[in-house]
Amino acid sequence: MTATGRLVFVAKTARTFCYGFLGVLFPVYLAERGMDARQIGVAVTLTLLASAAMTFAIRRPAERYGARAALLAQSSLIVVSALVFLVTEEPWLVVAAAMVGNLAVGTGETGPFLTLEQVAVTRATPRERLTTTLSLYNLAGYGASALGAAAVARAGAAPRMLFAVFLLGGLVQMAAYALMRADPARAAGPRPAAAMPSRPLIHRLAALFALDSLAGGFVLQSLIAYWFYTRFGMDLAALGWTFFGAQILSGFSLLLAARLAPRLGLVNTMVFSHLVSNVLLIGVALVPSAALAVTLLLARHLLSQMDVPTRQSFLMLAVHDHEREGAASLTNMSRTLAQSVSPALTGWVMGSVSLAAPFFLGGGLKILYDLMLYATIRKVEPR
């Protein structure tokens, strides 16, 4: 990779370390300040809607001024968010700060940073190394997020200290982006439709990825943490170590993807590993003890992220270079927007129907997505 690619890795690591502890801390912190399951579901939905809006809004500035300027502006909002966390404990102000800071509430990352960084990494990497490099890019995120989750176990009783670390992480991101090579400015204004030959494929993929994220919104890390907290009485320390293990195994799944994709192909690796992981997800809700539920959750994470680098690599190679910002922006926006619908509904379902219902909804819809995705892309050849 070029120096720009390495700086993206630094920023990714700093950001996802903070997301690792905030994703676990966020729902418990709100619950301890009086919010119930429905209100926490609404809070997570608002956070995701803000992320979707930012993903949509960042495309044109990135195309016009380059990724460096857009990422610098976005990371400055993290600093603002962290300062609000430090000065208030009012629950809805904390939610507003999470919206401004693009707080990730799932085990994986979507949103404006991923949109621009995956394009930057693609352009900084030789074609034959792309899937491996994207696997390592995501591995850096999951490894840092795992350490962040472990930080909750060590400092769960001191949230203000973690918020201070979030502020420091935002400053590290700004420094990394400032050191990136500036992108040349491009012509303003939308491209004509004829210049986007991959538009139909991009739209189909965006719709399918939206279905996957709609399903994923039922089982976000923050909501699973709340489920373990309520169902089995697990404290912050136990939750922190559980999600530390989940993130580590997610990292291993990324390495498996890099090894298997050249042998099985991007599509087969993407679909079939994801299908098995969703069967395990449904199993989490069926077992009677915390130990068995954690075991199935960890087994699920060993497979669940194999589709991430393969999906990103497939998308970047299925479109022309000048279409990459648009393809990444549209697919990530559709993912985040669809994911935002589920948490508020999940909060209602958990509070009114069953704590376990979201696992069946999420797992079932994800299995449907796997089957539809395979039918759609099995004959599409990457460029």
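Note that the structure is a prediction, hence the values are computed from the model and not measured.

A.B. asks: Explain the overall build of the chain to me, and be specific about the residues and the numbers.
C.D. replies: When helices and strands are tallied, the chain shows 15 helices and 0 strands. Taking 21 Å as the expected radius of gyration for a compact globule of 383 residues, we find that the chain reaches 19 Å, a close match to that expectation. Dimensions along the principal axes, computed over C-alpha positions, put the chain at roughly 55 × 45 × 30 Å. Considering the chain as a whole, with its 383 residues, one finds that 58% of them fall into the buried category. Of the contacts made within the chain by residues no fewer than 6 positions apart, 87% connect residues no fewer than 24 positions apart. Entry remark: accessible area of the chain is about 14,400 Å², with carbon and sulfur atoms responsible for 67%. Looking at charge distribution, the chain has the averaged site of its 30 positive side-chain charges lying 6 Å from that of its 17 negative ones.

A.B. asks: Quick one: what's the story with the environment of A124, residue by residue and with numbers?
C.D. replies: Counting through the fold element by element, A124 comes out in the loop between α5 (112-123) and α6 (130-155). Judged by relative accessible area, which is 9%, A124 ranks as buried. Taking the C-alpha atoms as reference, A124 lies 5.4 Å from T2; in sequence the two are 122 residues apart. Setting aside its immediate chain neighbours within four residues, A124 contacts M1, T2 and G5.

A.B. asks: Account for the packing of aromatic side chains, with residues named and values stated.
C.D. replies: What the rule picks out here adds up to 13 aromatic pairs. An angle of 35° between the planes, with centres 6.1 Å apart, marks the rings of F228 and F232 as tilted. With a relative accessible area of 22%, F232 lands in the partly exposed category. With centroids separated by 5.5 Å and ring planes inclined at 85°, the aromatic side chains of W241 and F244 adopt a geometry described as edge-to-face. You can see W241 and its partner F244 sitting in helix α10 (residues 236-264), 3 residues apart, about one turn around the helix. Of the residues examined, W241 reaches a relative accessible area of 46% and is grouped as partly exposed.

A.B. asks: How would you sum up the pattern of salt bridges? Please name residues and give values.
C.D. replies: Tallied over the full model, the rule gives 9 salt bridges. Among the ionic pairs, E325 bridges to R123, the shortest N-O distance being 2.6 Å. Residue E325 is found in helix α14 (residues 324-352), and its partner R123 is found in helix α5; the two are separated by 202 residues along the sequence. Each member of the salt-bridge network shares a partner with another, and the members are R123, D321, R324 and E325.

A.B. asks: I'd love a proper account of helix α9 (residues 221-231), names of residues and values included.
C.D. replies: With 8 of 11 residues buried, α9 lies mostly within the body of the structure. Considered for burial, the residues of α9 that qualify are Q221, S222, L223, I224, A225, Y226, W227 and F228. In the segment just after α9, G233 is the residue with positive phi, at about 70°.

A.B. asks: Hey, could you go over a nonpolar patch on the surface for me, with residue numbers and the actual values?
C.D. replies: On the surface, a cluster of nonpolar side chains totalling about 600 Å² of accessible area is made up of L136, I248, F252, L255, L256, L260, L264 and L302. Ranked by the residues each element gives to the nonpolar patch, the list is headed by α10, at 6 residues. Note that L136 resides in helix α6.

A.B. asks: Before we move on, can you summarise helix α15 (residues 357-377) with the specific residues and values?
C.D. replies: Counted at 1.5 Å a residue, the expected span for α15 with its 21 residues is 30 Å, and the 31 Å between its end C-alpha atoms agrees. If you check which residues of α15 are buried, you get A357, P358, F359, G362, G363, K366, Y369, D370, L373 and I377.

A.B. asks: Please set out the packing of helix α1 (residues 3-32) against helix α7 (residues 159-179) residue by residue, giving values where relevant.
C.D. replies: Interaxial distance between α1 and α7 falls to 9 Å at its minimum, and their mutual angle equals 155°. The orientation of α1 relative to α7 falls into the category roughly antiparallel. Once α1 is placed against α7, the crossing between them reads as left-handed. Facing L7, V10, A11, A14, R15, F17, C18, F21, L22, L25 and Y29 of α1, the residues of α7 in contact are P159, L162, F163, V165, F166, G169, V172, Q173, A176, Y177 and L179. Its residues assigned to classes, the contact of α1 with α7 shows 19 nonpolar, 2 polar and 1 charged.

A.B. asks: Kindly report on the environment of G240, identifying the contributing residues and their values.
C.D. replies: With respect to the helices and strands, G240 occurs in helix α10. Distance in space between the C-alpha atoms of G240 and G23 is 10.0 Å, their sequence separation being 217 residues. In contact with G240, not counting residues within four places along its chain, are A149, A150 and A153.

A.B. asks: Help me get a handle on the nonpolar core, residues and values and all.
C.D. replies: In terms of nonpolar packing, the biggest core is built from 101 residues, with F228, F243 and L373 touching the most fellow members. If you tally residues by element for this core, the top one is α1, at 14 residues. The contact partners of L373, leaving out residues within four places of it in the chain, are L205, L208, F209, M270 and V271.

A.B. asks: Give a detailed account of the side chain of S81, specifying residues and quantitative values.
C.D. replies: Tracing the chain through its elements places S81 in helix α3 (residues 67-87). The buried category is assigned to S81, whose relative accessible area is 1%. When near neighbours in sequence (up to four residues on either side) are disregarded, S81 contacts A97, A98, V100, G101 and F166.

So, how was this worked out
Residues numbered from 1 in each chain as written. Predicted model: local features only at pLDDT ≥ 70, side-chain atom pairs only at ≥ 80, totals over all residues. Heavy atoms only, no water. Helix = DSSP H or I, 4+ residues; strand = E, 2+ residues; numbered from the N terminus. Rg over C-alpha atoms; globule rule 2.2 N^0.38 Å. Buried < 20%, exposed > 50% of the residue type's maximum accessible area, 1.4 Å probe, protein only. Contact = heavy atoms within 4.5 Å. Areas by Shrake-Rupley, 256 points an atom, 1.4 Å probe, with all protein chains shown as cover. Lys, Arg positive; Asp, Glu negative; His and termini not counted. Charge placed at Lys NZ, Arg CZ, Asp CG, Glu CD. Phe/Tyr/Trp six-rings, centres within 6.5 Å; stacked < 30°, edge-to-face > 60°. Salt bridge = Lys/Arg side-chain N within 4 Å of Asp/Glu carboxyl O. Patch = residues over 30% accessible without salt bridge, like charges linked within 9 Å, V, L, I, M, F, W, Y side chains within 5 Å. Expected span 1.5 Å × (residues − 1). Axes fitted to C-alpha atoms, helices over the stretch in contact; angles between N-to-C directions. Parallel < 35°, antiparallel > 145°, perpendicular 65-115°, else oblique. Left-handed = near helix turned anticlockwise from the far one by under 90°. Nonpolar A, V, L, I, M, F, W, Y, C, P; charged D, E, K, R; others polar. Core = buried A, V, L, I, M, F, W, Y, C linked by side-chain atoms within 4.5 Å.

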